[in-house]
Amino acid sequence: MNDPLSHACALLHSVFGFNEFRPGQEEIVRAVLAGENVLAVMPTGSGKSLCYQLPAITRPGLTLVISPLIALMRDQVRALTAAGVAAGSLNSSNEPAENARVMGLLRRGELRLLYVAPERLARPDTVEMLAEAHVSMMAIDEAHCVSQWGHDFRPEYLSLGNLARQIGGRLQTLAFTATADAPTRGDIVEKLFATSPRIFVRSFDRPNLKLAFKPKERSTRQVLSFVQAHQGESGIIYCASRRKVEELAAALVAAGVRALPYHAGLDKAVRDANQDAFQQDDGVVMTATVAFGMGIDKPDVRFVCHADLPANVEAYYQEIGRAGRDGLPADTLTLYGLGDMQLRRLQIEQGESSDERKRIERQRLGALLSLAEAPRCRRQTLLAYFGEPSETCGNCDLCQEGVELFDGTIDAQKAMSAIVRTGERFGMEHLVAILIGDLTDNVQKFNHEKLPTFGVGKDRKAAEWRSIFRQLSAVGLIAQDLLEHGRWWVTDDGWRVLKGEQKIELRKDLTSGAAGKSSRRDRRAAAATIVGDGDTVLLDALKALRTKLARAQNVPAYVVFSDRTLAELATHRPASERAMREIHGVGDAKLERYGAAFLEVIQGAEA
Ligand code: ADP
Ligand code: ZN
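Residues numbered from 1 in each chain as written. Chains lettered and ligands numbered in written order. Predicted model: local features only at pLDDT ≥ 70, side-chain atom pairs only at ≥ 80, totals over all residues. Heavy atoms only, no water.

Q: It is not clear to me how the domain arrangement of the protein chain should be interpreted in this structure. Could you clarify?
A: For interface size, the figure often reported is the accessible area lost on association. Segmenting the protein chain into domains produces domain 1 (4–201), domain 2 (209–401), domain 3 (405–509) and domain 4 (531–606). Centre-to-centre, using C-alpha coordinates, domain 3 lies 58 Å away from domain 4. (Domains from an automatic or database assignment.)

Okay, structure coming up:
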């Protein structure tokens, strides 16, 4: 096969067991095979690793993969090895036997992928060794760690460009990240590449994630019923405090759920054991603070629940993004209450950040509240925040259940007229004070009690007006200037409403904490979205076999087969190795190792 892309496609099938590329992968693989330097910005779970793993095994030579996360390296090496690829890692936590295996492969020129932590790469002996090892490409994972803009900054990343030159002259360089904002991207290009790379940016939409928010009522009960609708599935519950983690984990255990706690206050040994159990077994529910996050590479997390409001939209998106990385349906639920909002505000005000930074944090929190109170499709609101226009999704609570709306045109006009009459120069608190007729110091200082708008919104509470501002912002009638004191201004759409050319509907439950409609999801309905009805018995049997095999080899369940593979096995019930080879995720190596055992279970179920 001369054409490298068709060779790559063949390996996609025979090594990874995938029938096709995920959106975005093919164009990147094509550019990499053509020898280009590439920066790819893709959301978590979109399949970044394949974009360097596949070229790495399609062409001769060794690919270096730089990753800051040792646990993630270990998982990838395990998964590649299970697929029959000669892969290894160099890091401080390797057993001597593992190091010997990797060095042996390296000496014999058989190693195809070598995962290295950046600090290890910086050691002169490592550079010297790699300079002789025919390295053909360097793939940098989590490339945003090179940027001082983000919170994941790793100083060692700054020297990667230099090290690449020492190892291989003009080494082909690939960088991958899920962080999309412009300053970070600029930093990556500047600091990791000698010349501008080809840049690929994938949509941030994750259509397989169901999005839902609910006001908190009795939050433990709400969490419990959400978890019970997902019996036997792996999931994560995020809480705002360690105490809440402990309490919720205990409540779930008392209800018969296999829940484990995870937070920074636990012994490292306990944390590691809990993380391993979550990673390896089916159906563990991790109850955690956000300390549990970076580096979770489990593809089959079926749900994420925020028992408390996340810190901001980016955090929310990162955290729910840990569900459904295999592309199968996954469920998310975020609970929010007035107390949460106050707590988050307090955290910002009492934090150590500069005033400028606090202002930005306040606005990012505001954007999350807009999302919580959005009057229409949540995904549309979320993607709009990331600058991506989209259609309504049909897979969020608002698309599916709707909310009670009322004609909010007059309220919207009042709020926007407060903005306009004060010259589009003020933030929300001042505008709300004007609307409710509150004679604050600032109102008097600017003589704003003289405005015709002063007090026109007396009939509503301040909290209701804040909600109206957030909703108007969620539908794009007003916008906030992030860099100029958070001042609000009226958009073109907003002017149409202000002039009475268009009406606007708002949510009836204006204050958060008001009761929302609760929806009940049937456990069977949830399972049936993954496999057809009637296959659940076979699916359970296949899962049991997977658990047994995974335990015997001490690897996570998904290293044996992914959820999608099991679901396809249960649906298509292949009767021969040849038929099984056509199933998603079944490559040559896995067919040889597991084929017979799984076929036996499938045949048993047929009888
Ligand atoms: P990311 O690094 O972008 O967060 P991963 O590379 O870990 O995502 O991939 C997420 C999941 O998608 C993995 O389980 C991987 O095996 C799977 N995957 C990747 N590419 C494909 C494909 N072409 N077809 C099916 N599954 C894929
Ligand atoms: Zn929707």
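Q: Explain unusual backbone geometry to me, please; I cannot follow it from the model alone.
A: With the exception of glycine, most residues fall at negative phi, and the peptide bonds are largely trans. One non-glycine residue, E424, lies in the positive phi region at around 50°. Relative to the elements of secondary structure, E424 occurs in the loop between α18 (409–421) and α19 (428–436). Positive phi, close to 55°, is recorded for N554, a residue that is not glycine. You can see N554 is positioned in the loop between α24 (536–553) and α25 (557–560). (Helix = DSSP H or I, 4+ residues; strand = E, 2+ residues; numbered from the N terminus.)

Q: It is not clear to me how the site of ligand 1 should be interpreted in this structure. Could you clarify?
A: In the vicinity of ligand 1 lie 16 residues, with E20, G45, K48, S49 and R325 positioned nearest. S46 places a polar main-chain atom, nitrogen or oxygen, 3.4 Å from an oxygen atom of ligand 1. Within the backbone of G47, a nitrogen or oxygen atom sits 3.1 Å from an oxygen atom of ligand 1. The protein chains hide 84% of the 570 Å² of surface that ligand 1 would expose on its own. Among the residues making up the shell around ligand 1, the classes are represented as 4 nonpolar, 7 polar and 5 charged. Residues from two domains meet in the shell around ligand 1; each of domain 1 (4–201) and domain 2 (209–401) gives at least three. (Near = heavy atom within 4 Å. Polar contact = N/O pair within 3.5 Å; in protein donor to acceptor, adjacent residues only side chain to side chain. Areas by Shrake-Rupley, 256 points an atom, 1.4 Å probe, with all protein chains shown as cover. Nonpolar A, V, L, I, M, F, W, Y, C, P; charged D, E, K, R; others polar.)

Q: Whenever I open this one, the side chain of E233 confuses me. Can you help?
A: If you trace the backbone, E233 turns up in the loop between α10 (219–228) and β10 (235–238). The class of E233 is buried, set by a relative accessible area of 11%. Side-chain polar atoms of E233 contact the side chain of H230, separated by 2.9 Å. Setting aside its immediate chain neighbours within four residues, E233 contacts G283, V284, V285, R302 and F303. (Buried < 20%, exposed > 50% of the residue type's maximum accessible area, 1.4 Å probe, protein only. Contact = heavy atoms within 4.5 Å.)

Q: Quick question: what am I supposed to make of the pattern of salt bridges here?
A: Where charged atoms of side chains with opposite charge meet at close range, the side chains can pair. Summed over all chains, the structure comprises 31 salt bridges. A salt bridge links R30 to E26, with the nearest nitrogen and oxygen atoms 2.9 Å apart. One end of the pair, R30, and the other, E26, are both in helix α2 (residues 25–33), 4 residues apart, so they sit about a helical turn from each other. What makes R30 partly exposed here is its relative accessible area of 46%. Looking at E26, the relative accessible area reads 31%, which means it is partly exposed. (Salt bridge = Lys/Arg side-chain N within 4 Å of Asp/Glu carboxyl O.)

Q: Please explain the coordination of the zinc ion (ligand 2) as it appears in this structure.
A: Tetrahedral metal sites with four donors have an ideal angle of 109.5 degrees; octahedral sites with six donors have ideal angles of 90 or 180 degrees. Taken together, C377 (SG), C393 (SG), C396 (SG) and C399 (SG) make up the full set of protein donors to the zinc ion (ligand 2), lying 2.3 to 2.4 Å away. Each of the 4 donor atoms around the zinc ion (ligand 2) contributes to a set of angles spanning 102 to 120°, which defines the coordination as tetrahedral. Positions of the donor residues of the zinc ion (ligand 2) along the chain correspond to the pattern C-x15-C-x2-C-x2-C. Since its relative accessible area comes to 26%, C393 is described here as partly exposed. Since its relative accessible area comes to 0%, C396 is described here as buried. (Donors = N, O, S within 2.8 Å, 3.2 Å for Na, K, Ca; no water. Tetrahedral: all angles 85-135°; square planar, octahedral: opposite > 155°, others 65-115°.)

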